[in-house]
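Chain and residue survey
Each chain is listed here by its residues.
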Amino acid sequence: MQIAFIGVGGIAQNYLGSLEKLDRPVAAVCDINAQTAARVADELNCTGYTDHREMLERENLDVVFVAIPPAAHDTQTIDAAEAGANLFVAKPVAMDLDVARRTQEAIAASGRINQVGYMARYSDVTERAKELVKGRDLGMGMGRFLTRMPPSHPWWGKFAVSGGQLLEQSTHVFDWLRYFLGDIESVQAFGHDGPDNDIADFEDSTAVNLRFASGAVGSVLSTCSARVRDGFMTELCGRDLYLRLAMDTHISGYIDQEEIDYHGEERGYFRQIECFLAAVEAQDQNLVRSSYADAVNSLAVTLAANRSLESGTVETVE
Ligand SMILES: NC(=O)c1ccc[n+]([C@@H]2O[C@H](COP(=O)([O-])OP(=O)(O)OC[C@H]3O[C@@H](n4cnc5c(N)ncnc54)[C@H](O)[C@@H]3O)[C@@H](O)[C@H]2O)c1
């Protein structure tokens, strides 16, 4: 299997670690930063490129990982799809719905396997919680993404590059809730933009209310000013059911009269890559839990939340 990367910064290292564990060598890497491309190509003993089109022309690739900042998405994934590659794209899939929809069409036309890096869907807690809530109605879902933005990634604090915290980071939580409660129809968001905030040029704290197509309600709280234990989590409520899923692989709560206290191990980072490669080998998109098309709907939710931060009114998800 000929594997390549477009973008070999932070998250690509995580994907590369999983590929190494699975004994899957990488054939080529591309990064617009020539030093990064050369360094990673040297480490992996593969060919380095700074232009993804050149890489796609010269290499005969089966799989392309795309791991670039939100605003950098242009035609990279479309070009890789047209070159016949199976695709793994880091979340969020773009910053703009037009780019995402065009890419979605190109992927559909290619008929190739596609997966987006919403790793929470592949975690032990999600697998266990899916079994626990099977056949039950969920009336409410809450989530939170509370973190301190690391200085290693200055672009995260720039709305023009990242799309803000909801689109870039809390997208995991919106997607996680969608995995349990289905599509979100409308949102209303409030934000706090601290006057002395040197972390981000957008709201440092936000509260987003959600209306699901099922009629269920929910909310997502986010901040980029404080790192908090269990800052990445969701809660699910239904009749005689409350589950609290922490990304560090713990579920607590109860169902009927029974207490739930479950500890998992896999946070989803490794299993998402394992699942993707299995899907590619079998050419079976059903093995994928986070398709590109589904991820476009998570993007649409965060774009609606961003519009609501501006308008202050309820916004319909496109
Ligand atoms: N847990 C997760 O799923 C997770 C964690 C971190 C980041 N991410 C996502 O991964 C993406 C990348 O984030 P990161 O932390 O790796 O950022 P990063 O800045 O560490 O790395 C991005 C790399 O992409 C390169 N790049 C930018 N435009 C390019 C282009 N047109 N062609 C080739 N290379 C290009 C940059 O030079 C850089 O090396 C973002 O969308 C982010 O949200 C996901």
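Everything discussed here concerns the structure shown above.
Residues numbered from 1 in each chain as written. Predicted model: local features only at pLDDT ≥ 70, side-chain atom pairs only at ≥ 80, totals over all residues. Heavy atoms only, no water.

Turning our eyes to something else, we now look at helix α10 (residues 269-282). The terminal C-alpha atoms of α10, which comprises 14 residues, lie 21 Å apart, in line with the 20 Å expected from a rise of 1.5 Å per residue. Every buried residue belonging to α10 is among Phe270, Arg271, Gln272, Ile273, Cys275, Phe276, Leu277, Ala279 and Val280, and all of these are buried. Elements that come into contact with the buried residues of α10 comprise α1 (10-21), β4 (63-66), β5 (86-89), β6 (114-116) and α6 (124-133). Looking one or two residues beyond α10, the residue adopting positive phi is Gln283, at roughly 50°. (Helix = DSSP H or I, 4+ residues; strand = E, 2+ residues; numbered from the N terminus. Expected span 1.5 Å × (residues − 1). Buried < 20%, exposed > 50% of the residue type's maximum accessible area, 1.4 Å probe, protein only. Contact = heavy atoms within 4.5 Å.)

In the vicinity of the ligand, 24 residues are found, and the nearest of them are Gly10, Asp31, Lys91, Trp155 and Glu168. Within the contact set of the ligand, an oxygen atom lies 2.5 Å away from a side-chain nitrogen or oxygen of Asp31. Residue Gln76 places a side-chain N or O atom 3.1 Å away from a nitrogen atom belonging to the ligand. Look at the ligand: alone it shows 840 Å² of surface, and the protein chains cover 86% of it. Residue-level mapping places the shell around the ligand at the junction of two domains, with at least three residues from each of domain 1 (3-112) and domain 2 (121-267 + 298-316). (Near = heavy atom within 4 Å. Polar contact = N/O pair within 3.5 Å; in protein donor to acceptor, adjacent residues only side chain to side chain. Areas by Shrake-Rupley, 256 points an atom, 1.4 Å probe, with all protein chains shown as cover. Domains from an automatic or database assignment.)

This brings us to the pattern of salt bridges. Using the criterion set out here, one finds 18 salt bridges in the structure. Between Arg53 and Asp79 there is a salt bridge, with the nearest N and O atoms lying 3.4 Å from each other. Note that Arg53 is positioned in helix α3 (residues 52-58) and Asp79 in helix α4 (residues 76-82), a separation of 26 residues in sequence. By relative accessible area, Arg53 is classed as partly exposed at 44%. (Salt bridge = Lys/Arg side-chain N within 4 Å of Asp/Glu carboxyl O.)

Working note: regular strand, side chains alternate between the two faces of the sheet. Where strand β11 (residues 232-238) lies against strand β12 (residues 241-246), six bridges are found, and the strand directions are antiparallel. Residue pairing in the sheet places Cys237 in a bridge with Tyr242 of β12. Between β11 and β12, which follow one another and run antiparallel, lie two residues, and Asp240 among them has a positive phi close to 50°. In this structure, β12 lies alongside strand β13 (residues 250-255), joined through six bridges in antiparallel fashion. For Arg244, the partnering residue across the bridge sits in β13 and is Ser252. (Pairing = 2+ DSSP bridges.)

Attention now goes to the side chain of Asn306. You can see Asn306 is positioned in helix α11 (residues 292-311). In this view, Asn306 contacts Phe159, Gly163, Leu166 and Leu167; residues no more than four positions away in its chain are not counted.

Time to look at the nonpolar core. One finds Val64, Val93, Phe180, Val187, Leu210 and Leu243 to be the most contacted residues of the largest nonpolar core, which totals 68 residues. There are two domains that each give this core at least three residues, and those are domain 1 (3-112) and domain 2 (121-267 + 298-316). (Core = buried A, V, L, I, M, F, W, Y, C linked by side-chain atoms within 4.5 Å.)

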